[in-house]
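Structural characterization, general
Listed below, chain by chain, are the residues.
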Amino acid sequence: MKNVILVVFSFLAISYGYGQGEGSVFSSTGRGVSTTFATDYQALGINPANLGWSKEFRGKTFTFGLMETGFSARSKLFNNELFQGSGSFSLNLGSSNNRKFNDYTELSTDLQDGLSFNLDSRLFGIALTTKRLGGFAFSVTEKYSMDMGLSKDFADIVTYGFSAPYFDSLVVNSGGSTSTIANTPSNYDSLQSDPNSTIVAGKASNPKTVSELMDGTRLKVSWIREFNFGYGRQLLKNEKFGIYGGIGIKYLTGMAIFDLESSPNNLSAFLSYSPSFNGSGSGLFSASGFQAGLPKAAGRGFGVDLGVNIKAFKRLKIGIAVNDIGSITWRENTF
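The sections below set out a description of the structure shown in this document. (Residues numbered from 1 in each chain as written. Predicted model: local features only at pLDDT ≥ 70, side-chain atom pairs only at ≥ 80, totals over all residues. Heavy atoms only, no water.)

**Let's talk about the environment of W330**
What counts here: Labels follow the DSSP assignment, with helices taken as runs of H or I lasting at least four residues and strands as runs of E lasting at least two, numbered in each case from the N terminus. Three labels apply to residues, based on accessible area from a 1.4 Å probe with only protein chains included: buried if under 20% of the type maximum, exposed if over 50%, partly exposed otherwise in between. Residue contacts follow a heavy-atom distance rule, with two residues in contact if any of their heavy atoms lie within 4.5 Å.
You can see W330 is positioned in strand β11 (residues 316-330). Judged by relative accessible area, W330 falls into the buried class, the value being 14%. The spatial distance from the C-alpha of W330 to the C-alpha of T253 is 9.3 Å, given a sequence separation of 77 residues. Apart from the residues lying within four places of it in its own chain, the contact partners of W330 are W223, G254, M255, A256, I257, F270, S272, A298 and G299.

Listed below in structure tokens is the structure:
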């Protein structure tokens, strides 16, 4: 019977583990699922019902922490040979390099797969656990995330430039004269080995609209500061079972967001960023214009986390949590 229970809950842990996104909980690293394991202020954002656990550590009443940070990154680009060995990489595919057309096929595929990056930095966390009233916790967390993936045509153009398969023919400058040739891998390889020839343009006989060209492209970037107050306590207890409940209330301040998506008939993008990034420099996020102190929020909102735990036979713990119920309204520098 014990083996059956172990198999069932191992399956549940694998199935629902993807819902856990709090990267700054170092005490749960390697567990995969923290729904019933995270305690005190580290339970915020995972399962506020865990704040009701009163005997996880003997004599524990008050806990606090500073600058707990965790990050994750995933991309096939990290294993691409073009990023390894030389210590540098350039997408400038001029005639000065000796690589062949097929050498870049994997790069285009990896750009389509994209890159995902998340960083959570808990600037401050504090928790108070009592036997009668339950557990209270508060934390301030910076959350950075990015998810990028390019369409095949867009990835090919980024990789090959005018030599992308999207273009049927190439305009080549050779010795001061201009000619048009078919865009084939063999012609590309020949041009790469000819220092006197330069590809100056590409032509497509069946051009696509921008939305068609970028169909499937996604780019999502966000920076959010979260103030989270949580409370959890025991709701019911007898000799064999105990039920715990918890709630987390979040005040959310958005520093910046960029969201771009494309389909065959629509290209849409949303941008909003803190007024603190406005400056006299040439860039959108100019360092010369960054104001001293904490940047002003571009958006504000609220969120709620809900959690329920069941403790049975003193050893079995079952936890269910629903997080990030809420929204942010972006008002500053919104396009």
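Past the structure itself, the notes keep going.
**Digging into the pattern of salt bridges**
Put simply, the rule reads: We define a salt bridge as a contact between a side-chain nitrogen of Lys or Arg and a carboxyl oxygen of Asp or Glu at a distance within 4 Å.
Scanning the model with the defined rule gives 13 salt bridges in all. Between K220 and E261 there is a salt bridge, with the nearest N and O atoms lying 2.6 Å from each other. You can see K220 sitting in strand β7 (residues 218-237) and its partner E261 sitting in strand β8 (residues 241-263), a full 41 residues away along the chain.

**Considering the packing of aromatic side chains**
The line we're drawing: The rule is short: rings of Phe, Tyr and Trp, with Trp giving its six-membered ring, pair when the centres are within 6.5 Å, and they are stacked under 30 degrees, edge-to-face over 60, tilted in between.
The final tally for this structure, using the stated rule, is 15 aromatic pairs. For the pair W223 and F277, a centre-to-centre distance of 5.9 Å together with 40° between the ring planes defines the contact as tilted. Note that W223 is positioned in strand β7 and F277 in the loop between β9 (266-273) and β10 (299-312), a separation of 54 residues in sequence. The rings of F101, Y104, Y160 and Y188 are connected pair by pair, giving a single aromatic cluster.

**Let's talk about the pairing of β7**
Selection rule: Two strands are said to pair when DSSP picks up at least two bridges between them.
Both strand β3 (residues 134-149) and β7 contribute to a ladder of 15 bridges, which runs antiparallel. Across the sheet, residue S145 finds its bridge partner in β7, namely S222. Here 19 bridges tie β7 to β8, and the two strands are oriented antiparallel to one another. Residue pairing for β8: F229 is matched across the bridge by I249. Where β7 hands over to β8, the hairpin turn is made up of 3 residues, counted between the paired strands.

As far as function goes, none of this settles anything; it's purely spatial.
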